[in-house]
Amino acid sequence: MNKDWKIETRAVQAGYEPENGGPRVLPLYQSTTYKYDDAQSVADLFDLKRDGFFYTRLANPTVDAFEKKMASLEGGVAAVAVSAGQAASMMSVMNIASAGDHFVAVSSLYGGTVSLFTNTLKKFGIEVTFISPDADDDAVRRAFRPNSKALFAEMLANPALIVLDVERFARLAHEAGVPLIVDNTFPTAYLCRPFDFGADIVTHSTTKYTDGHALCVGGVVIEKGGFDWNNGKFPGLCEPDESYHGLVYTKNFPAAPYSVKMRVQYVRDLGNGMAPFNAFLSNVGLETLHLRMERHSSNALALAKHLEQHPKVGWVNYPGLKSSTQYALAQKYLPNGASGVLCFGVKGGKPAGEIVMNSLKLAAIVVHVADVRTGVLHPASMTHRQLSDAELAAAGVSPDMIRVSVGIENIDDIISDFDQALAKA
Ligand code: PLP
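Residues numbered from 1 in each chain as written. Predicted model: local features only at pLDDT ≥ 70, side-chain atom pairs only at ≥ 80, totals over all residues. Heavy atoms only, no water.

Right, let's talk about the overall build of the chain for a bit. Helices and strands together make up the secondary structure of the chain, namely 17 helices and 12 strands. The C-alpha atoms of the chain give 22 Å as radius of gyration, which agrees with the globular expectation for 425 residues (22 Å, within 12%). With respect to the three principal axes, the spread of C-alpha positions in the chain is 70 × 55 × 35 Å. Scored against the burial criterion, the 425 residues of the chain give a buried share of 56%. By sequence separation, contacts in the chain at least 24 residues apart represent 73% of the contacts at least 6 residues apart. Carbon together with sulfur atoms contributes 54% to the accessible area of the chain, which is approximately 17,400 Å² in total. (Helix = DSSP H or I, 4+ residues; strand = E, 2+ residues; numbered from the N terminus. Rg over C-alpha atoms; globule rule 2.2 N^0.38 Å. Buried < 20%, exposed > 50% of the residue type's maximum accessible area, 1.4 Å probe, protein only. Contact = heavy atoms within 4.5 Å. Areas by Shrake-Rupley, 256 points an atom, 1.4 Å probe, with all protein chains shown as cover.)

You can read the domains of the chain as domain 1 (7-285) and domain 2 (290-422). Using only C-alpha atoms to locate each centre, domain 1 and domain 2 end up separated by 28 Å. Here domain 1 and domain 2 share an interface that buries about 3,200 Å² over both sides, 65% of which is from carbon and sulfur atoms. As a salt-bridge pair, Glu167 and Lys332 come within 2.6 Å of each other at their nearest N and O atoms. Linking domain 1 with domain 2 are 18 residue pairs in polar contact (both at pLDDT 80 or more), by the criterion used here. For the side of domain 1 that touches domain 2, the secondary-structure elements that each account for two or more residues are α1 (7-13), α5 (111-123), α7 (166-175) and α8 (188-191). Examining the composition of the side of domain 1 that touches domain 2, we find that 4 residues originate from one element, α5, more than from any other. (Domains from an automatic or database assignment. Buried area = accessible area lost by both parts, 1.4 Å probe. Salt bridge = Lys/Arg side-chain N within 4 Å of Asp/Glu carboxyl O. Polar contact = N/O pair within 3.5 Å; in protein donor to acceptor, adjacent residues only side chain to side chain.)

Contacts to the ligand come from 13 residues, most closely from Asn158, Asp183, Ser205, Thr207 and Lys208. At 2.9 Å from an oxygen atom of the ligand is found a main-chain nitrogen or oxygen belonging to Gly85. Within the contact set of the ligand, an oxygen atom lies 2.6 Å away from a side-chain nitrogen or oxygen of Thr207. In the complex, the protein chains occlude 90% of the 390 Å² of accessible area that the ligand would expose alone. When the residues that make up the shell around the ligand are grouped by side-chain class, the tally is 3 nonpolar, 7 polar and 3 charged. (Near = heavy atom within 4 Å. Nonpolar A, V, L, I, M, F, W, Y, C, P; charged D, E, K, R; others polar.)

The strands that make up a sheet pair up through hydrogen bonds in the backbone, lying either parallel or antiparallel. In spatial order, the strands read β8-β9-β12-β11-β10; together these 5 strands make up an open sheet with mixed pairing. In the strand order of this sheet, the two ends are held by β8 (313-317) and β10 (364-365), each with one partner. As paired elements, strand β9 (residues 341-346) and strand β12 (residues 402-405) share 4 bridges and run antiparallel to each other. Opposite Leu342, over in β12, you have Val404 as the bridge partner. Docked against the sheet, helix α13 (residues 289-308) engages β8, β9 and β12, running at close to 15 degrees with respect to β9. Contacting β9, β10, β11 (375-377) and β12, helix α15 (residues 349-359) runs over the sheet at an angle of about 125 degrees to β9. (Pairing = 2+ DSSP bridges. Axes fitted to C-alpha atoms, helices over the stretch in contact; angles between N-to-C directions.)

Moving on, we get to the environment of Ile96. The topology assignment puts Ile96 in the loop between α4 (85-94) and β2 (102-106). Considering only alpha carbons, one finds Ile96 and Cys343, 247 residues apart in sequence, at a separation of 35 Å. The contact partners of Ile96, leaving out residues within four places of it in the chain, are Asp101, Lys149, Ala150, Pro179, Trp229, Phe234, Leu237 and Tyr258.

Let us look at the nonpolar core. Residues Phe103, Phe117, Phe344 and Phe418 are the most contacted members of the largest nonpolar core, which totals 123 residues. Two domains share this core, each providing at least three of its residues, namely domain 1 (7-285) and domain 2 (290-422). What Phe117 contacts, discounting residues up to four positions off in sequence, is Ser89, Val93, Phe103, Ala105, Leu109, Lys122, Val128, Phe130 and Phe152. (Core = buried A, V, L, I, M, F, W, Y, C linked by side-chain atoms within 4.5 Å.)

This part is about the packing of aromatic side chains. Scanning the entire structure with this criterion turns up 11 aromatic pairs. Aromatic pair Phe277 and Phe280: ring centres 6.3 Å apart, planes at 15 degrees, arrangement stacked. Note that Phe277 and Phe280 are positioned in helix α12 (residues 276-286) at a spacing of 3 residues, about one turn of the helix. Taken together, Phe227, Trp229, Phe234 and Tyr258 form an aromatic cluster joined through their ring pairs. It is Arg168 that lies over the ring of Phe169; its NZ or CZ is 4.8 Å from the centre. (Phe/Tyr/Trp six-rings, centres within 6.5 Å; stacked < 30°, edge-to-face > 60°. Lys NZ or Arg CZ within 6 Å of the ring centre and 35° of its normal.)

It is worth spelling out the packing of helix α3 (residues 61-74) against α12 at this point. The contact between α3 and α12 brings their axes to 8 Å, and the two run at 40 degrees. Between α3 and α12 the crossing geometry is left-handed. Side by side, α3 and α12 meet where Thr62, Val63, Phe66, Lys69, Met70 and Leu73 of the first sit next to Pro276, Ala279, Phe280, Ser282, Asn283 and Leu286 of the second. Of the residues assigned to the contact of α3 with α12, the class counts are 8 nonpolar, 3 polar and 1 charged. (Left-handed = near helix turned anticlockwise from the far one by under 90°.)

We now examine the side chain of His306. Its location among the elements puts His306 in helix α13. With near-sequence residues (within four places) excluded, His306 lies in contact with Ile415 and Asp419.

Have a look at this one:
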């Protein structure tokens, strides 16, 4: 791959280079295992003394190509593809925090991530402190403890659509000696690259715009490279791993110690790597990422502007609208488009909103976001149902909120559909 290629070219071509006479399209290697001529080669693979594939639970050529493309798009050194966005969030923290440790998270997160951090990681002995996205620097500093290992946030929060001030949070994370982990699911690398603003780890639910067609569930964790893991807080990366005969990740794999550790310890032991077929589909999805994100963003902005002046609409939240509290941050971090998700409330509250949702014809009610088809969802009773009222408020979810995932259909058809549904409310 030419390292000067722009992001559109890398979305199409990065990750896979056919050999002379080889298949032009990334093949699906649907095989759990790989053949070797001598036993020593396999032993060396087990000892991480050489690169290669020996068992698909750890690595597979199709998944590997997808990981390389994701790392290239985000500008990172390595990526690990996993079974779901949930696995990506969990692994990104677990890789550097164990029982007795703590981390800080910005509260405006996807509901599933809030549950994972509040309930499941707590059962593993890892504690979280949530901070408001508006917390001032001192409030963020106060949230860190001596045993804190990370700061976690969403680049464009689902569904509050709060834009992360990445530069500020990266500075505060680094002051505390921990990496900033950014879930970049909604913008994707095409609209924003958090590494360019100081983030250290990026995660995605690839189920969303990466796949883009609602075909498969997946996740990925990407490492920027260059974080100082030797600051005394991360013994798991800097001390010998007895399960690999005393290997030290920061010494033996200095370019990407975090990713190597995640794969050879956790993906190996937990078995939650991405399946080859899902990597194959997700790679095809990425080939049109740039075109889709442009159209998702322009359609969402047009629908947001239309709804904003509609007499039956009480409020609209889209970071690309001048009226949005997030507009200035969106101009800085998402100058090429604010992605395809908007939220709005119908005058008359939840009951009127339900009539609108039930009356839509082109847009479907789906528990999904970020695919080519327009869809709607009611976060308070669906994706964020497990959250308490206080958690809902912290996540920016009001009872009347309708979340629209604006697809790439013709914008006139999308607007007509909302108009005819609003007419019934
Ligand atoms: N992160 C964000 C921002 C999400 O929106 C979601 C799911 O909606 C997830 C993570 C979890 O991803 P998955 O459903 O692929 O497990």
